[in-house]
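Examining the three-dimensional arrangement
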Amino acid sequence: MIDPERADAIAMEVATEGTYRVFTAFRKAGFTRREALELTKIQLAASLSTAYRTYRRPT
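The following paragraphs examine the structure supplied in this document.

Conventions and cut-offs
Residues numbered from 1 in each chain as written. Predicted model: local features only at pLDDT ≥ 70, side-chain atom pairs only at ≥ 80, totals over all residues. Heavy atoms only, no water. 1 Å grid on protein atoms, 1.4 Å probe; cavity = no way out; pocket = protein on both sides within 12 Å on 5 of 7 lines; lining within 4 Å. Points joined across faces, edges and corners; volume = space filled by probe spheres on them. Helix = DSSP H or I, 4+ residues; strand = E, 2+ residues; numbered from the N terminus. Nonpolar A, V, L, I, M, F, W, Y, C, P; charged D, E, K, R; others polar. Salt bridge = Lys/Arg side-chain N within 4 Å of Asp/Glu carboxyl O. Buried < 20%, exposed > 50% of the residue type's maximum accessible area, 1.4 Å probe, protein only. Expected span 1.5 Å × (residues − 1). Contact = heavy atoms within 4.5 Å. Polar contact = N/O pair within 3.5 Å; in protein donor to acceptor, adjacent residues only side chain to side chain.

This part is about the layout of surface pockets. Approximately 150 Å³ is the volume attributed to the largest pocket. Taken together, A15, G18, T19, V22, T40, Q43, L44, S47 and L48 make up the full set of residues lining the largest pocket. Contributing elements (two or more residues each) for the lining of the largest pocket: α1 (4-28) and α2 (33-55). Of the residues contributing to the lining of the largest pocket, the split by class is four nonpolar, five polar and no charged.

What follows is the structure, given as structure tokens:
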């Protein structure tokens, strides 16, 4: 049986690592901390929007 708490913990860890990598890449590219955070939020929102459109069930 699927343990929803374990699945959630794994998904959260992977999402956190990915978000940190994006943020770090922006910082290494020379963006300020504030700019990198804003760009990371934009990227995350775009990614979630794309995933929603891709995986939602047709109604």
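We now examine the pattern of salt bridges. When the charged atoms of two side chains with opposite charge come close together, those side chains can pair. What the rule picks out here adds up to one salt bridge. In this structure, K41 and E38 form a salt bridge, with 3.4 Å as the shortest nitrogen-oxygen distance. On the criterion of helical spacing, the pair formed by K41 and E38 is a turn pair, its members being three residues apart in helix α2. The exposure class of E38 is partly exposed, given its relative accessible area of 40%.

An α-helix turns once every 3.6 residues. As a result, residues three or four positions apart point the same way. Compared with the 36 Å implied by 1.5 Å per residue over 25 residues, the 36 Å span of α1 between its first and last C-alpha is a close match. Those residues of α1 lying buried are F23, T24 and F26. Its buried side turned inward, α1 meets α2. N-cap assignment for α1: the residue whose side-chain oxygen lies 3.2 Å from the backbone N of E5 is D3. Taken from the residues just after α1, G30 is the one with a positive phi, measuring 105°.

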